[in-house]
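Tertiary structure, described
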Amino acid sequence: MGWLFGNKKEVDFSFLKTDIHSHMLPGIDDGADGMRESVHLIKGMYELGYRKMIITPHVRFGSFDNDTGEFENRLQDVRYALEQVNIPMELEVGAEHTIDEGFYGHFKRGELKHFGRNKYLLIEFPFTSLPMGIKDTVFELQSAGYNLILAHPERYLYLREQPDMIKYLHDSNILFQLNILSLIGFYDKPTQKFAEWLIKQDYIDIAGSDLHHQKHLDGIAKAKTNKYLYKLTESDRLMNSMF
Ligand SMILES: [Fe+2]
């Protein structure tokens, strides 16, 4: 097999099949700002090898006070636009719920937007500090039947000082979703290093795009040759294709 010598190991995105975190409902958060951009970016993901995307608009107090009751209708518009250009990407809609002062109200009013067959809920922590009473919140959500997925744990740099909390959250059956972009240093160096550490500790269950715009799509394509992402996809740990 000498002719293969020197070939770079590349990530096969079609092996991942499904992306569970993106901002592709046009105009409702800081993701795609129009249908044209949304279609262009989803087409780009299809060309990388993805066949299913869960779209997860921000629901965040004060900045993205979105009504989750509208998401399914808006998704229909995206599906229709994709049909017009013959991109057979399968789509579902959830939300990225920030655990903040608005979260509990959404929970109590039945407004949390879950996805998949098993009531999966994508949650985000604030970037400054761990939410107060997080253990109680996790307990209540799980008691209500939600399967929790923590969006990009590597981006909460305060968690680096709290390895016991990381272990607690993961041991509590919260799935950890890494942003692929973190691995190419898209956000910053400390986030990249923390992402690598989480992979080495076998904490990462899902690799996500957190796709908002063209620069993100370019970054994900660039990560094809990233050795940590390659190691992750080879490890049989990733659950992407289950969704
Ligand atoms: Fe996101």
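See the structure printed just above.
Let us look at the structure shown here.

What counts and what doesn't
- Residues numbered from 1 in each chain as written.
- Predicted model: local features only at pLDDT ≥ 70, side-chain atom pairs only at ≥ 80, totals over all residues.
- Pairing = 2+ DSSP bridges.
- Helix = DSSP H or I, 4+ residues; strand = E, 2+ residues; numbered from the N terminus.
- Expected span 1.5 Å × (residues − 1).
- Contact = placed C-beta atoms within 7 Å.
- Axes fitted to C-alpha atoms, helices over the stretch in contact; angles between N-to-C directions.
- Buried ≥ 20, exposed ≤ 12 C-beta atoms within 10 Å, placed from the backbone.
- Right-handed = clockwise from strand over helix to strand, strands pointing away.

1. With respect to the sheet that holds strand 3 (residues 58–59)
Adjacent strands of a sheet pair through backbone hydrogen bonds, lying either parallel or antiparallel. The sheet built from six strands is open, its strands ordered 3-5-6-7-8-9 with parallel pairing. Two strands in the sheet have a free side with no partner beyond their single neighbour: strand 3 and strand 9 (206–208). Sheet topology places strand 5 (residues 96–98) next to strand 6 (residues 120–124); three bridges connect them, and they run parallel. Looking across to strand 6, one finds that His97 is bridged to Ile123.

2. Re helix 3 (residues 71–84)
If you check helix 3, its first and last C-alpha atoms are 20 Å apart, about what 14 residues at 1.5 Å a residue would give, namely 20 Å. Count one or two residues on from helix 3 and you reach Asn86, which has phi positive near 60°.

3. Notes on the sheet that holds strand 4 (residues 90–93)
One open sheet accounts for three strands, arranged 1-2-4; its pairing is parallel. Because the sheet does not close on itself, it has two edges, and the strands there are strand 1 (18–19) and strand 4. Pairing between strand 2 (residues 52–55) and strand 4: four bridges, direction parallel. By the bridge assignment, Ile55 is partnered in strand 4 with Val93. Where helix 3 meets the sheet, it contacts strand 2 and strand 4, and its direction lies at approximately 160° from that of strand 4.

4. What to know about unusual backbone geometry
Peptide bonds are trans in most cases, and residues, glycine excluded, mostly fall at negative phi. For Lys17, which is not a glycine, the phi torsion comes out positive at approximately 65°. Tracing the chain through its elements places Lys17 in the loop between helix 1 (13–16) and strand 1. Positive phi is not limited to glycine here, since Asn173 has a value of about 70°. Structurally, Asn173 can be placed in the loop between helix 6 (163–171) and strand 8 (175–179).

5. Quick notes on the pairing of strand 7 (residues 147–151)
Of all five residues in strand 7, four are buried; the element is thus mostly enclosed. Handedness of the crossover joining strand 6 and strand 7 through helix 5 (residues 134–143): right-handed. In the sheet, strand 7 pairs with strand 8 via three bridges, with the strands oriented parallel. Paired with Ala151 across the strands is Gln177, a residue of strand 8.

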